Amino acid sequence: INAEYGDRQRFPHCIVWTPLPLLSWLFPLIGHTGICTADGVIHDFAGPYTVTVDSMAFGNPTKYWQLDPVKITDMEWDAAVLRASQEYRGRMHNLFCDNCHSHVAYALNLMGYDRKSNWNMVHIAIYLLLYSRFTGIGGFLKTYLPFLVLVAIILIVAFVF
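Everything quoted here is computed from the prediction, not taken from an experiment.

## Focus on the overall build of the protein chain
Counting its secondary structure elements, the protein chain contains five helices and eight strands. Helices and strands in the protein chain line up, N terminus first, as β-β-β-α-β-β-β-β-α-α-α-β-α. Here the C-alpha atoms of the protein chain give a radius of gyration of 16 Å, agreeing with the 15 Å that 2.2 N^0.38 yields for 161 residues. Taken along its principal axes, the extent of the C-alpha atoms in the protein chain is 60 × 30 × 25 Å. Expressed as a percentage of its 161 residues, the buried residues of the protein chain come to 39%. Taking the contacts inside the protein chain whose residues are at least 6 apart along the sequence as the reference set, 63% of them involve residues at least 24 apart. As presented, the protein chain carries roughly 8,600 Å² of accessible surface, and 64% of it is formed by carbon and sulfur atoms. In the protein chain, the 11 positive side-chain charges and the 12 negative ones have mean positions that sit 5 Å from each other.

The structure is reproduced here in structure tokens:
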């Protein structure tokens, strides 16, 4: 699925995920999401009143969940992604209530993906956990290596000292 275009990665019709520095090192299941257009351009709610396009706020994706554009029932894919991005450019970011996962859920609700209109940040997190794939060995290492290094340090300190 992943195609390289210069220094940009493309993931058509995907939801993408990347680790958050420090937070994902402690809790590797927590991360940052974005949703891609039909051409694979990533849109992610990066902070207050900010939706980045074609450059994820926390680095290239390490995981992706491939969606099926046939499952759209309401709004065209790119129109939904663009409308969600426009909406979130007017919103304050809140880590717990209105965040990057909410932005993705809003786009899926607009397009009626999988005949649902109740997508939320919890659904996005669970579906990414269950259905996403790593972009490669580098994606796996970027996701889990910091956590494993921290665990190793804790175990060494606990058993050696």
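Once the structure has been displayed, the description carries forward.
## What about the layout of surface pockets?
Of the volumes computed, that of the largest pocket is approximately 510 Å³. For the largest pocket, the lining is made up of 22 residues, of which Ile 30, Gly 31, Leu 95, Asn 99 and His 101 are closest to its centre. Put simply, the parts of the chain that give the lining of the largest pocket at least two residues each are strand E4 (31-36), strand E5 (42-47), helix H3 (100-111) and helix H4 (121-131). In terms of residue count, H4 provides more of the lining of the largest pocket than any other element does, five residues in total. Of the residues contributing to the lining of the largest pocket, the split by class is 16 nonpolar, five polar and one charged.

## What about the nonpolar core?
Membership of the largest hydrophobic core comes to 20 residues, with the highest contact counts inside it found for Ile 15, Ile 35, Leu 108, Met 111 and Ile 124. Those elements giving two or more residues to this core turn out to be strand E3 (14-19), helix H2 (77-88), H3 and H4. Residue contributions to this core peak at six residues, all from H3. Ignoring anything within four residues of it in the chain, the contact list for Ile 15 reads Gly 34, Ile 35, Lys 63, Tyr 64, Trp 65, Leu 67, Val 104, Leu 108, Ile 124 and Leu 128. In this structure, Cys 14, Val 16, Ile 42 and Met 56 belong to the second largest nonpolar core, which totals seven residues.

## Remarks on the pairing of strand E6 (residues 50-53)
Both E5 and E6 contribute to a ladder of four bridges, which runs antiparallel. Pairing of Phe 45 across the sheet is with Val 51, part of E6. Between E5 and E6, which pair antiparallel and follow one another directly, the connecting turn spans two residues, one of which, Tyr 49, has a positive phi of 60°.

## Observations concerning the pairing of E4
Extensive coverage of E4 is indicated by the burial of six of its six residues. With five bridges joining them, E3 and E4 adopt antiparallel strand pairing. Opposite Thr 18, over in E4, you have His 32 as the bridge partner. As paired elements, E4 and E5 share two bridges and run antiparallel to each other. Bridging from a neighbouring strand, Ile 35 pairs with His 43 of E5.

## What to know about unusual backbone geometry
Excluding glycine, most residues fall at negative phi; most peptide bonds, likewise, are trans. Of note, His 13 is a non-glycine position whose phi angle comes to about 55°, a positive value. Its location among the elements puts His 13 in the loop between strand E2 (8-10) and E3. For His 13, a relative accessible area of 16% gives the class buried. In this structure, Tyr 49 takes a positive phi of about 60° despite not being glycine. The topology assignment puts Tyr 49 in the loop between E5 and E6.

What counts as what
Residues numbered from 1 in each chain as written. Predicted model: local features only at pLDDT ≥ 70, side-chain atom pairs only at ≥ 80, totals over all residues. Heavy atoms only, no water. Helix = DSSP H or I, 4+ residues; strand = E, 2+ residues; numbered from the N terminus. Rg over C-alpha atoms; globule rule 2.2 N^0.38 Å. Buried < 20%, exposed > 50% of the residue type's maximum accessible area, 1.4 Å probe, protein only. Contact = heavy atoms within 4.5 Å. Areas by Shrake-Rupley, 256 points an atom, 1.4 Å probe, with all protein chains shown as cover. Lys, Arg positive; Asp, Glu negative; His and termini not counted. Charge placed at Lys NZ, Arg CZ, Asp CG, Glu CD. 1 Å grid on protein atoms, 1.4 Å probe; cavity = no way out; pocket = protein on both sides within 12 Å on 5 of 7 lines; lining within 4 Å. Points joined across faces, edges and corners; volume = space filled by probe spheres on them. Nonpolar A, V, L, I, M, F, W, Y, C, P; charged D, E, K, R; others polar. Core = buried A, V, L, I, M, F, W, Y, C linked by side-chain atoms within 4.5 Å. Pairing = 2+ DSSP bridges.

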